[in-house]
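Residue-level structure breakdown
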Amino acid sequence: MSVLVVGLSHKSAPVAVLERAAVSGDTVTKLLRDVVQAEPVAEAFVVSTCNRVEVYADVDRFHAGVTAICELLARHCGVPSHELTQYLYVHYEDRAVSHLLAVAAGLDSMVVGEDQILGQVRSAVKLAAEHGTAGRVLGELGRLALRTGKRARAETAIGRAGLSLLSAAVELAAASLGPLHPGEDPLAGRDVLVVGAGSMSGLATATAARSGAASITVANRTRAHAERLAASVSTVTTTVTTTVTGLADLPAAIAAADVVISCTGAAGQVITGEMVSAALAARVPPGNAPGNARSALVIMDLAMPRDVEPAVAGLPGVVLIGMDQLSEHASAVRDDDVAAVRTILEAELAAYQSAMDAARVAPTVVALRAKAAGVVDAELARLAGRLSADGLSGHALDEIAQTVRRVVDKLLHAPTVRVKELAGSPGGEEYAAALRVLFDLDPRAVEAVTRAAPEQEGSR
């Protein structure tokens with residue numbers, strides 16, 4: 001079996017295509033189940049974010065695996081295969097593993113070094129485990145990716161140098177808003193509206209609260225979720241006024257806001273041009289002071305598919321910041337930070353490759369030791385039958401048995417350790433094959449060990 005990834009991201013596809021190809025909620029679960037039921041696939045998990053959709057699979061045939069996954073991805077995305085294929089990339093075996101490590105470390109993100117992707121990879125692996133689509137191979141690969149992502153952020157400055165999508169959006173907003181007072185954060189003293197109550201909305205709410213927003217309104221279809229998110233502001237600060245509202249009252253909420261951050265994950269557009277036009281007409285200056293012009297209305301659309309109708313960008317007095325602008329907004333990540341992360345990735349990949357190479361020859365090593373143990377046991381039993389008749393004590397027989405086993409273990413130690421070391425070299429499998437021939441190992445015994453490994457793993 002070999003690891004395969006088929007996907008598309010902000011690097012391979014325009015935002016409009018990513019928007020159409022986005023999968024979330026039950027669609028991810030259905031895609032998972034269909035992929036793992038495909039004949040070439042044994043395991044699978046799906047990483048689906050606002051700027052990437054990737055299917056990771058353990059397959060026994062490359063071409064059949066690619067074909068099956070491409071067809072299923074197109075079907076569940078709702079994008080015709082002939083349109084989607086041109087934007088897809090495929091990585092196989094070591095390249096697939098290396099790609100996942102880069103994703104988890106934030107090197108493949110729209111904004112290099114952002115932290116959210118690590119949690120998204122963790123959620124993808126967890127979801128696959130819950131639905132039984134990830135087993136020993138992808139489970140271990142997921143743990144490797146999470147460990148690598150944590151190391152990258154703990155041992156380098158990539159996380160501090162990189163920006164989240166939200167931070168990048170706020171940085172862009174600063175150019176339009178400017179601080180109310182010199183030296184302040186652009187959100188300080190502003191009225192902020194957060195549309196949605198998911199994880200990104202939680203991050204947006206916390207960011208606005210830490211930045212000193214005057215007020216935060218949370219709008220969501222389910223009021224209880226909005227209330228829970230608004231209540232969380234108190235864990236950040238007690239000086240921000242919080243309110244909640246429903247999506248039906250969005251025009252009024254937009255009219256009262258300086259900054260709108262929308263990230264609902266809804267299938268359709270939540271904020272329309274007509275809605276914003278109505279909000280602009282009703283908009284009043286801070287403190288209801290007539291005659292004083294209010295600053296530009298900044299709308300950040302961090303959703304995929306997008307929440308905000310593109311026509312909103314053409315309205316006077318409105319600054320719309322979407323994924324198109326964010327993809328062009330480079331974060332200030334130093335070259336040495338990226339190089340340090342790549343060093344970690346190379347070390348983790350090398351360790352993973354060594355472990356996989358050793359695992360491939362392990363059944364031969366186990367079968368060889370089992371055969372040796374069987375020979376020793378048979379010879380000791382025969383010897384015990386002869387010597388016990390001569391009155392040799394049980395203690396003496398135990399000493400002889402231990403000595404014989406030590407001799408056999410020492411003779412087998414060098415070749416079995418060496419074959420594991422050589423497994424990763426060119427033609428490494430030939431060394432294991434030589435052991436099987438030289439020691440006349442029964443192929444069925446080796447196959448039995450191979451089959452038993454996943455069962456033993458699953459029983460732990």
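Residues numbered from 1 in each chain as written. Predicted model: local features only at pLDDT ≥ 70, side-chain atom pairs only at ≥ 80, totals over all residues. Heavy atoms only, no water.

1. Focus on the overall build of the protein chain
A tally of regular secondary structure across the protein chain gives 18 helices and 10 strands. With 460 residues in all, the protein chain has 47% of them scored as buried. In the protein chain, the share of contacts with a sequence separation of at least 24, taken over all contacts with a separation of at least 6, comes to 73%. On the protein chain, roughly 21900 Å² of surface is accessible, and the fraction owed to carbon and sulfur atoms is 54%. (Helix = DSSP H or I, 4+ residues; strand = E, 2+ residues; numbered from the N terminus. Buried < 20%, exposed > 50% of the residue type's maximum accessible area, 1.4 Å probe, protein only. Contact = heavy atoms within 4.5 Å. Areas by Shrake-Rupley, 256 points an atom, 1.4 Å probe, with all protein chains shown as cover.)

2. A few points about the packing of aromatic side chains
Summed over all chains, the structure comprises two aromatic pairs. With 5.0 Å between their ring centres and 20° between their planes, F45 and Y56 make a pair best called stacked. One end of the pair, F45, is in strand β2 (residues 41–49); the other, Y56, is in strand β3 (residues 52–59), with 11 residues separating them in the sequence. For F45, a relative accessible area of 0% gives the class buried. Of the residues examined, Y56 reaches a relative accessible area of 0% and is grouped as buried. (Phe/Tyr/Trp six-rings, centres within 6.5 Å; stacked < 30°, edge-to-face > 60°.)

3. Remarks on the nonpolar core
When a protein is soluble and globular, its nonpolar side chains tend to lie buried together. In this structure, L8, F45, I216, I261, M300 and L326 are the most contacted members of the largest nonpolar core, which totals 101 residues. The residues touching L326, leaving out its near neighbours within four places in the chain, are M110, L165, A168, A169, L172, L302 and I321. (Core = buried A, V, L, I, M, F, W, Y, C linked by side-chain atoms within 4.5 Å.)

4. Quick look at the side chain of T148
Within the secondary structure, T148 is located in helix α7 (residues 136–155). The class for T148 is buried, based on a relative accessible area of 0%.

5. Quick word on the side chain of S215
Along the polypeptide, S215 turns up in strand β6 (residues 215–219). At 2.7 Å, the side chain of S215 and the side chain of D191 are in polar contact. Apart from residues no more than four positions distant in its own chain, S215 is found in contact with R190, D191, V192, V240 and T241. (Polar contact = N/O pair within 3.5 Å; in protein donor to acceptor, adjacent residues only side chain to side chain.)

6. Concerning the pattern of salt bridges
Two side chains bearing opposite charge may form a pair once their charged atoms approach each other closely. Per the stated rule, a full pass over the model turns up 16 salt bridges. A salt bridge links E83 to R20, with the nearest nitrogen and oxygen atoms 3.0 Å apart. Taken together, the residues span a long stretch of sequence, with E83 in helix α4 (residues 81–84) and R20 in helix α1 (residues 15–21) at a distance of 63 residues. Note on E83: relative accessible area 28%, which makes it partly exposed. On the basis of relative accessibility, which here comes to 43%, the residue R20 falls in the partly exposed class. Through salt bridges with shared partners, one network takes in K11, R52, E54 and D108. (Salt bridge = Lys/Arg side-chain N within 4 Å of Asp/Glu carboxyl O.)

7. Some thoughts on the confidence of the model for the protein chain
Model confidence for the protein chain is summarised by a mean pLDDT of 85, while 89% of its residues fall at 70 or above. Mean pLDDT in the protein chain bottoms out at helix α18 (residues 443–458), which sits at 56, and peaks at strand β4 (residues 89–92), which reaches 97. Under a pLDDT of 50 for its full length, residues 454–460 has, in the predicted model, two contacts with residues more than four places off or in other chains. (pLDDT = per-residue confidence, 0-100.)

8. Re helix α3 (residues 62–77)
The terminal C-alpha atoms of α3 lie 22 Å apart, and with 16 residues this matches the ideal 22 Å at 1.5 Å per residue to within 8%. Looking only at α3, the buried set comprises G65, V66, A68, I69, C70, L72, L73, A74, H76 and C77. For α3, the secondary structure elements touched by its buried residues are β1 (2–9), α1, α2 (26–37), β3, α4 and β4. Following α3 by one or two positions, G78 has its phi on the positive side, about 80°. (Expected span 1.5 Å × (residues − 1).)

9. Side note on the sheet that holds strand β8 (residues 259–262)
Read from one edge of the open sheet, six strands run β7-β6-β5-β8-β9-β10, paired in parallel fashion. Among the strands making up the open sheet, the edge pair consists of β7 (241–245) and β10 (318–321). Each neighbouring strand pair of the sheet contributes to a mean axis angle of 15°, computed without reference to strand direction. Pairing of β8 with strand β9 (residues 297–301), which is carried by four bridges, proceeds in the parallel orientation. In the sheet register, V259 faces β9, and the bridge partner there is V298. (Pairing = 2+ DSSP bridges. Axes fitted to C-alpha atoms, helices over the stretch in contact; angles between N-to-C directions.)

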